[in-house]
Amino acid sequence: MKFLRYGAPGAEKPGVLDAEGRIRDLSGVVPDLTGEVLASPPEIAVESLPLVEGDPRLGIPVAGVGKMVCIGLNYSDHAKEAGLPIPSEPIVFMKALSALTGPNDDVVLPRGAQKGDWEVELGVVIGKRAKYVTEAEALDHVAGYTIVNDVSERHFQAERGGQWTKGKSCDTFGPVGPWVVTADEVPDPQALALSCDVNGEKRQRGTTASMIFPVAHIISYLSQMMSLNPGDIIATGTPPGVGSGMKPPQFLKAGDVMELSVEGLGRQRQRVLAD
């Protein structure tokens, strides 16, 4: 199933897509779409739910996100374009929760931004607490999958004294959605095509089959160091084609439009503004 949250920021309601791609209201069934709810959704007759009219704003599709953990340089061809060695273990950083936003909300470049960049990624939503899990057990802890745009400011990230989090956590730098597709509808998370276009021009094309560390490995690896709790999101890395890897490099500017997709998980679209 495809679960989503719709409405004004801070006042989102839970919803689900019906067979025709229309939004149905779930607020009479569950108060919100937490990680626990997504892991064990109630039995529902989707077509019997109230139809949501119009084209409402979509919010972050999971409520109560505890943390977003991100994996860097997880595609060998992306590491190559960045001029960096292929990592021997996952590179881990965090994105501030204040960066998270809806899939089609505006992305705002912060004051002093010089090198805004795009990164389409497969997002993993945890549904069951994971601590010291094996790779064989790891996918049993997944509630579903979504799209993450790991928007980055490369000047902040790489040229201001270290720590990638600086360039990853600016407000609006974490569009998530449009929905969470439950794990039963994604039999192989390592067989999904990803794409990102900027202003209608092809930028990123890739497949999760090219991940250095697949989803099960990432979950198991992280669970040795921290508990992964229901509602946590993991951004699993980006394929090649980012602006900083172009020759010459190209970076985001006000007025640009990013359009992202992951096979079977929908599409995002963000307009870029300057603060």
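Residues numbered from 1 in each chain as written. Predicted model: local features only at pLDDT ≥ 70, side-chain atom pairs only at ≥ 80, totals over all residues. Heavy atoms only, no water.

Ordered in space as E7-E18-E17-E14-E15, the five strands form an open sheet in which the pairing is mixed. The open sheet has two free edges, formed respectively by strand E7 (107–109) and strand E15 (201–207), since each of these has just one partner strand. Averaged over all pairs of adjacent strands, the angle between their axes in this sheet comes to 20°, without regard to strand direction. Where strand E14 (residues 193–198) lies against strand E17 (residues 257–262), five bridges are found, and the strand directions are antiparallel. Residue pairing across strands places aspartate 197 opposite glutamate 259, the latter belonging to E17. (Pairing = 2+ DSSP bridges. Helix = DSSP H or I, 4+ residues; strand = E, 2+ residues; numbered from the N terminus. Axes fitted to C-alpha atoms, helices over the stretch in contact; angles between N-to-C directions.)

So, about the packing of aromatic side chains. For any pair of aromatic rings, the description rests on two quantities: the centre-to-centre distance and the angle between the ring planes. This structure, assessed with the given rule, holds one aromatic pair. The ring of tyrosine 132 carries the charged tip of lysine 131 above its face, separated from the ring centre by 4.7 Å. The lysine or arginine in question, arginine 160, covers the ring of phenylalanine 156, its NZ or CZ lying 5.0 Å from the ring centre. (Phe/Tyr/Trp six-rings, centres within 6.5 Å; stacked < 30°, edge-to-face > 60°. Lys NZ or Arg CZ within 6 Å of the ring centre and 35° of its normal.)

Counted according to the given criterion, the structure contains 21 salt bridges. Salt-bridge contacts for arginine 271 lead to aspartate 106; the nearest nitrogen and oxygen are separated by 2.8 Å. Taken together, the residues arginine 271 in strand E18 (residues 267–274) and aspartate 106 in the loop between strand E6 (100–101) and E7 connect sequence positions 165 residues apart. Overall, the relative accessible area of 42% leaves arginine 271 in the partly exposed class. On the basis of relative accessible area, aspartate 106 is assigned to the partly exposed category, the value being 26%. Between glutamate 259 and arginine 269 there is a salt bridge, with the nearest N and O atoms lying 4.0 Å from each other. With glutamate 259 in strand E17 and arginine 269 in strand E18, this residue pair connects regions lying 10 residues apart in the sequence. Residue class for glutamate 259 comes out partly exposed when judged on its relative accessible area of 25%. (Salt bridge = Lys/Arg side-chain N within 4 Å of Asp/Glu carboxyl O. Buried < 20%, exposed > 50% of the residue type's maximum accessible area, 1.4 Å probe, protein only.)

Turning next to the side chain of glutamate 153. Residue position: glutamate 153 is located in strand E11 (residues 152–153). Although glutamate 153 lies buried, it forms no salt bridge, and the closest oppositely charged side chain, arginine 160, sits 6.9 Å away as judged by the N-O distance. For glutamate 153, the side chain forms a polar contact with the main-chain nitrogen of lysine 115, separated by 2.4 Å. With sequence-adjacent residues up to four places away left out, glutamate 153 is seen in contact with Ala113, Gln114, Lys115, Gly116, Gly167 and Phe173. (Lys, Arg positive; Asp, Glu negative; His and termini not counted. Polar contact = N/O pair within 3.5 Å; in protein donor to acceptor, adjacent residues only side chain to side chain. Contact = heavy atoms within 4.5 Å.)

Interpretation note: all reported values are geometric properties and have no functional meaning in isolation.
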